[in-house]
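Chains, contacts and geometry: an overview
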Amino acid sequence: MESFESQNFIHAGPSHAGMRIGKGHDTAKVDEAQIWKSFKEGNESAFAYIYTTYFYKLLNIGYQLSRDKSLIKDCIQDLFIDIRIKRKKLADVKSIKLYLYKSFRRRMADYLQYEMKKVDKERQAANEHYLIDIPYEDRLINSQLLEIQKIKLNKGIMALTEREREAIYFFYYKNLSYKEICDLFNYKQVKTVRNLVYQALKKLKPYIEIVLIFSCIINN
Amino acid sequence: MEYKDFRLIDFLLDEDFKEWVLNPDSNRTLFWDEWLRAYPEKRQEFMKAKEIILKMRFSEVQEEEDFHEVFGKILQGEKSAAGKFIESQKMQRSGMPAWLKIAASLSLIIVAIYFFRVSRIGQEENNITVSEIVKNNPKGRKLTFALPDGSIVNLNSESSLFFPETFHPDRREVRLVGEAYFDIKGDSAWPFVVIAGNISTTALGTSFNVRAWPDKTTTDIALVSGIVEVKKINDANPGMLLSPGEKITHDEITDEFTKSKFDLALETGWKDKILVFKNASLGEFVQTVERWYDVEIELQGASPSSTAWSIDGEFRDTSLEQVLESLSFVYKINYAINGRKVILKF
């Protein structure tokens, strides 16, 4: 039995039988449908499990849409308050992940609109940071070259539409399938998602080439 | 498309390829290794695609502070200013029919009256002395039962729980000697308090383990889910908050609280009939086994000091004999079980 690690623990589900220690990535083998059911029946452990598993994931999905962390946190807070209040009436779901991602994205759209009205454009511009990050292992190698890589790739990512950027984020970074993204975006056809990723990759191509040249230099 | 016609972009768009790069399992590794052997001319593009996928990293935030802050607010149930504003706007836009508005305010009044009644009844009940119930476990027995409010308690052996027949309308209070695991029925407006020794633990919809053996000078509280507040009973100041995965230990002698991370199985395994040892010394082993199986252990021969040994193990619903068998396997000792007497020979 492993011991808890900070932030990465997942405690047992409602029966306390399916104990599992989780890492950040979606390798969950727990029965989400069952956990969701216990949550609906009022089990607080199930709720805590859901919150613990998805808080950082939602925070970072929101972080790709806005750099206003307090707005994202508000949105997560209100989402969870709502599902707690309405828990008995919620539909059964197979994947808590998709349910939360979907409700959260829909909700974030409202919150962003609200924020747009409040905040002037200048402050928003000042809020923009790098959208991409460099893998930690690489970061140790050569900071100057990596800085260039980062700027380049970031430029590329910035050139994408919001949808394309999200598609890339969910497909390559969150490792969702085309089908899952299709569901998330409410598209009718899975093909549409594939096209979206294709479009995005085409736009990224010149930037990617440069990045690859650099990483050749680094790796050799 | 045929795999032999694959270009860089095709690798990047291939779901299975991506899945393998991000989350390699042996089946896929086998497949793609084979693939590379079959089409060696594609090697460069193959490696390029792999690298690009691994480079798609996005900036992320992960601060524990945020995690706890938002969790606390959710439990309080108060929505953010942004959320309230958006909802009120939506309500206006949706144009609630006039009759529904009236109905809404009507039901509000009804609810208010109802609450008023309930709280008055509650007060009357206060004046009646509520009789106390004691659940008592001897050695070797564990007990699971529901409290008057529906909360579930797992009581360990040699432990007692005292609680009233009906809980006070303001707070649910129980007293514990020994060790118990609580799965509290959530009601943030109705605090649940466990008194163990001079330590009180207040819970809001939560499960946690309290360990306060009378023969030990420390009290342990390990939180599995929810939020609890731990403090000394007569302390007016706010106590320490625990979040899931944290454990707090109060030492009676030094009067100090220490927070640490805990091992779920080690702390709460007993309630699922799992006997867990982690770096347990001989002394701890003897004490735990005596309590668990209701036996007395006698050490014979040249026994090592009680702080020697470091025993690790998990026994799910295992007989005493099996436990001792696996111990003797590791430590080369002999054992004998005579009824409630156990002899360990060194």
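Residues numbered from 1 in each chain as written. Chains lettered and ligands numbered in written order. Predicted model: local features only at pLDDT ≥ 70, side-chain atom pairs only at ≥ 80, totals over all residues. Heavy atoms only, no water.

Each helix and strand counted, chain B has 10 helices and 17 strands in total. Going through the 346 residues of chain B one by one, you find that 40% of them count as buried. Long-range pairs, those at least 24 residues apart, make up 49% of the contacts in chain B with a sequence separation of at least 6. Here chain B displays about 18,800 Å² of accessible surface, and carbon together with sulfur accounts for 53% of that area. (Helix = DSSP H or I, 4+ residues; strand = E, 2+ residues; numbered from the N terminus. Buried < 20%, exposed > 50% of the residue type's maximum accessible area, 1.4 Å probe, protein only. Contact = heavy atoms within 4.5 Å. Areas by Shrake-Rupley, 256 points an atom, 1.4 Å probe, with all protein chains shown as cover.)

The geometry of two aromatic rings is summed up by the distance between their centres and the angle between their planes. Using the criterion set out here, one finds 43 aromatic pairs over all chains in the structure. Centroid distance Y56 of chain A to F67 of chain B: 5.7 Å. Interplanar angle 20°. Geometry classified as stacked. Separated into two different chains, Y56 of chain A in helix α2 (residues 44-65) and F67 of chain B in helix α5 (residues 64-76) make up a pair that spans both. As far as the burial class goes, Y56 of chain A and F67 of chain B line up, both buried. Plain terms: the ring middles of Y173 of chain A and F58 of chain B are 5.7 Å apart, the flat faces sit at 55° to each other, and that makes the pair tilted. Placement of the pair is Y173 of chain A in helix α8 (residues 162-173) and F58 of chain B in strand β1 (residues 57-58), with the two residues belonging to separate chains. Over the ring of F145 of chain B we find K135 of chain B, and its NZ or CZ is 5.2 Å from the ring centre. (Phe/Tyr/Trp six-rings, centres within 6.5 Å; stacked < 30°, edge-to-face > 60°. Lys NZ or Arg CZ within 6 Å of the ring centre and 35° of its normal.)

All names here are of chain A. Summary statistics for chain A give a mean pLDDT of 74 and a share of 67% for residues scoring 70 or more. For chain A, the element scoring lowest by mean pLDDT is helix α5 (residues 121-126), at 48; helix α3 (residues 69-85) scores highest, at 94. The model gives residues 1-28 a pLDDT under 50, and that stretch makes 62 contacts with residues more than four places away or in other chains. In this model, residues 216-220 is a region of pLDDT below 50 whose contacts with residues beyond four sequence positions or in other chains number six contacts. (pLDDT = per-residue confidence, 0-100.)

Tallying each qualifying case throughout the model produces 29 salt bridges over all chains. In this structure, K203 of chain A engages E164 of chain A in a salt bridge whose closest nitrogen and oxygen atoms are separated by 2.9 Å. Here K203 of chain A is found in helix α10 (residues 190-219), whereas its partner E164 of chain A is found in helix α8, with 39 residues between them in sequence. On the basis of relative accessible area, K203 of chain A is assigned to the partly exposed category, the value being 32%. What makes E164 of chain A buried here is its relative accessible area of 6%. As a salt-bridge pair, K73 of chain B and E69 of chain B come within 3.1 Å of each other at their nearest N and O atoms. With K73 of chain B and E69 of chain B both in helix α5 and four residues apart, this pair spans about one turn of that helix. Relative accessible area serves as the criterion here: at 31%, K73 of chain B is assigned to the partly exposed category. (Salt bridge = Lys/Arg side-chain N within 4 Å of Asp/Glu carboxyl O.)

This next bit is on the sheet that holds strand β17 (residues 341-345) of chain B. Residue and element names in this part refer to chain B. Pairing is mixed across the open sheet formed by three strands, whose spatial order is β14-β17-β16. The open sheet has two edge strands with one neighbour each: β14 (296-300) and β16 (334-338). Pairwise comparison of adjacent strand axes, ignoring direction, gives a mean angle of 20° for this sheet. Here β14 pairs with β17 via five bridges, running parallel. Across the sheet, the residue bridging to L299 is L344, located in β17. Against the sheet, helix α10 (residues 320-331) touches β16 and β17, its axis set at about 165° to β16. (Pairing = 2+ DSSP bridges. Axes fitted to C-alpha atoms, helices over the stretch in contact; angles between N-to-C directions.)

Attention shifts here to the side chain of E179 of chain B. Residues and elements named next belong to chain B. Relative to the helices and strands, E179 is located in strand β6 (residues 172-183). Note on E179: relative accessible area 3%, which makes it buried. A polar atom in the side chain of E179 sits 3.2 Å from the side chain of R211. With residues near it in sequence (within four places) discarded, E179 still touches N154, L155, N156, S159, N209, V210, R211, W213, E267 and W270. (Polar contact = N/O pair within 3.5 Å; in protein donor to acceptor, adjacent residues only side chain to side chain.)

Looking now at helix α2 (residues 15-22) of chain B. Taken residue by residue, α2 of chain B has F17, K18, W20 and V21 of chain B as its buried positions. Burial along α2 of chain B is one-sided: seen end-on, the buried residues are contained in an arc of 160°. Each element contacted by the buried residues of α2 of chain B is listed here: α8 of chain A together with α1 (8-13), α3 (26-38) and α4 (43-55) of chain B. The N-terminus of α2 of chain B is capped by D14 of chain B, whose side-chain oxygen sits 3.1 Å from the backbone nitrogen of D16 of chain B. (Arc of directions from axis to C-beta.)

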